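Chain by chain, the residues run as shown.
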Amino acid sequence: MNTRPEVSLAERKRQLVSNELTEAALQLLARNGFDVVTIDEIAATAGVSRRTFFRYFASKEDVVVQFLTGMGADIRAELAARPAEERPSVALRHAIWVPIAACADHGDRALRVVQLILRTPALLARYLERQAQWRADLAAELGGRLGLDPDTDLYPQLAVGMALSAFDAVLQRWSDSDGAEDPAGLTDRAFTVIAPALDVPGGGASGASR
């Protein structure tokens, strides 16, 4: 008997519950504060039991880590999709813009989540931990685009480090301004600063501009 439809249905249900828990947790944590919100409150808001919460997440921090994992995957996917002839500064700018654009599209909701992460030491530590994995993944992707080995060539790691620093600077400025500053403008300004270093001769492919 072919059970694939049932498996697919179960997977869809699991993803739906995970999404509902993530949404409930991020909104409660952002609105009320990380230390105040309990797991019981998150579960009740999502309409599930405490036991169900622990089937999906080990802690409140893990909910946010999953959110951050998605960000990193989106950046890498966009970098992989950029035209091969693009200058590194252009490809990396477009890749970094994907999660920033998603934040901008969700306005106040995303701003509260970003502020929650940046202003909560435990979550900031997990964010930086997760970003270390982003750095390795993106360096491998960039190295592959340019025919460079990130384990022996300094350029991929340095280039990705600059791009992620720009990403952090944009999020920090957006957060500090309570959303008053435009993320697109901030991203353009940040990459204007680092583009000369990213596109240094010998550092990567030359090609079409943005």
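Worth saying up front: this structure is predicted, and the values here are computed from it rather than measured.

### Re unusual backbone geometry
Okay, so step 1: The phi dihedral of Asp178 is positive, around 55°, even though this residue is not glycine.
Okay, so step 2: With respect to the helices, strands and loops of the structure, Asp178 is situated in the loop between helix 8 (154-176) and helix 9 (183-198).

### Observations regarding the environment of Leu118
Okay, so step 1: Among the secondary structure elements, Leu118 is positioned in helix 6 (residues 107-119).
Okay, so step 2: On the basis of relative accessible area, Leu118 is assigned to the buried category, the value being 18%.
Okay, so step 3: Between the C-alpha atom of Leu118 and that of Pro183, which follows or precedes it by 65 residues, the distance is 16 Å.
Okay, so step 4: The contacts of Leu118, once residues within four sequence positions are left out, are Leu124, Leu171, Gln172 and Ser175.

### Looking at helix 9
Okay, so step 1: With 16 residues, helix 9 should cover 22 Å at 1.5 Å per step; its first-to-last C-alpha distance of 21 Å lies within 8% of that length.
Okay, so step 2: Along helix 9, the largest kink reaches about 35° and is centred on Thr192; proline Pro196 follows within four residues of it.
Okay, so step 3: Buried within helix 9 we find Pro183, Leu186, Thr187, Ala190, Phe191, Ile194, Ala195 and Leu198.
Okay, so step 4: Elements that come into contact with the buried residues of helix 9 comprise helix 5 (88-105) and helix 8.

### Observations concerning the side chain of Thr120
Okay, so step 1: As for its position among the elements, Thr120 is in the loop between helix 6 and helix 7 (121-146).
Okay, so step 2: Of note is the side chain of Thr120, whose polar atom sits 2.7 Å from the backbone oxygen of Leu116.

### Let's talk about the layout of surface pockets
Okay, so step 1: There is about 190 Å³ of room inside the largest pocket.
Okay, so step 2: Phe67, Gly70, Met71, Asp74, Pro99, Ala102, Cys103, His106, Arg109, Ala110 and Val113 are the residues that line the largest pocket.
Okay, so step 3: Residue contributions to the lining of the largest pocket peak at 4 residues, all from helix 4 (residues 60-81).
Okay, so step 4: Within the lining of the largest pocket, the residues separate by chemical class into 7 nonpolar, 2 polar and 2 charged.

### Some points on the pattern of salt bridges
Okay, so step 1: One pass over the structure, following the stated rule, counts 12 salt bridges.
Okay, so step 2: Measuring nitrogen to oxygen at the nearest pair gives 2.6 Å for the salt bridge that ties Glu86 to Arg82. Each member of the pair, Glu86 as well as Arg82, is classed as buried.
Okay, so step 3: In this structure, the salt-bridge partner of Glu129 is Arg126, at a minimum N-O distance of 3.7 Å. Separated by 3 residues within a single helix, Glu129 and Arg126 lie in helix 7, roughly one turn from each other.
Okay, so step 4: Sharing partners across several salt bridges, the network here consists of Asp62, Arg126 and Glu129.

### Quick word on the nonpolar core
Okay, so step 1: Membership of the largest hydrophobic core comes to 56 residues, with the highest contact counts inside it found for Leu21, Leu92, Ile96, Trp134, Leu142, Phe167 and Phe191.
Okay, so step 2: Discounting chain neighbours no more than four positions away, the residues touching Leu21 are Ile42, Ala43, Ala46, Val48, Thr52, Phe53, Tyr56, Phe57 and Val63.

### Observations concerning the packing of helix 6 against helix 7
Axes are the key here: two packed helices are described by the angle between their axes and the distance separating the axes.
Okay, so step 1: Their axes nearest at 5 Å, the elements helix 6 and helix 7 cross at an angle of 95°. Regarding the angle of helix 6 to helix 7, the classification is roughly perpendicular. Facing helix 6, whose interface residues are Leu116, Ile117, Leu118 and Arg119, helix 7 presents Pro121, Leu123, Leu124 and Tyr127.
Okay, so step 2: Class assignment for the residues of the contact of helix 6 with helix 7 results in 7 nonpolar, no polar and 1 charged.

Here is what the cut-offs are and how they apply
As a convention, each chain's residues are numbered from 1 in the sequence order in which they are written. Given that the model is predicted, a residue must reach a pLDDT of at least 70 before its local features are reported, and side-chain atom pairs must reach 80 or more before they are shown or counted; all residues, however, enter totals for whole chains, interfaces and linings. Just so you know, side-chain values use all the structure's heavy atoms and leave hydrogens and water out. For helices the rule is a DSSP run of H or I covering at least 4 residues; for strands it is a run of E covering at least 2, with both sets numbered from the N terminus onward. Under the scheme applied here, a residue whose accessible area is under 20% of the maximum for its type counts as buried, over 50% as exposed, and between as partly exposed, the area being computed with a 1.4 Å probe on protein chains only. In this description, contact between two residues means that some pair of their heavy atoms is separated by no more than 4.5 Å. A helix is expected to span 1.5 Å multiplied by its residue count minus one. At every residue, the bend is computed as the angle between two fitted axes, covering the seven residues ending there and the seven beginning there respectively. Whenever a nitrogen or oxygen atom comes within 3.5 Å of another N or O atom, the pair is scored as a polar contact, on the condition that within protein one atom can donate a hydrogen and the other can accept it, and that pairs from neighbouring residues in sequence are kept only if both atoms are in side chains. Site definitions follow a grid-based scheme: protein atoms alone, a 1 Å grid, a 1.4 Å probe that fits but cannot get out for cavities, and for pockets an open set with protein on both sides within 12 Å along at least five of seven lines, plus lining residues having an atom within 4 Å of a point. Grid points are joined across faces, edges and corners, and a volume is the space filled by probe spheres set on the points. Throughout, the ten residues Ala, Val, Leu, Ile, Met, Phe, Trp, Tyr, Cys and Pro are labelled nonpolar, Asp, Glu, Lys and Arg are labelled charged, and all others, Gly among them, are labelled polar. Counted as salt bridges are all cases of a side-chain nitrogen of Lys or Arg within 4 Å of a carboxyl oxygen of Asp or Glu. Only buried residues count toward a nonpolar core. Its members are Ala, Val, Leu, Ile, Met, Phe, Trp, Tyr and Cys residues joined through side-chain atoms within 4.5 Å. The angle between two axes is taken between their N-to-C directions and runs from 0 to 180 degrees, where each axis is a line fitted to C-alpha atoms and a helix contributes only its stretch in contact. With respect to orientation, any angle under 35 degrees is reported as roughly parallel, any angle over 145 as roughly antiparallel, any angle of 65 to 115 as roughly perpendicular, and every other angle as oblique.

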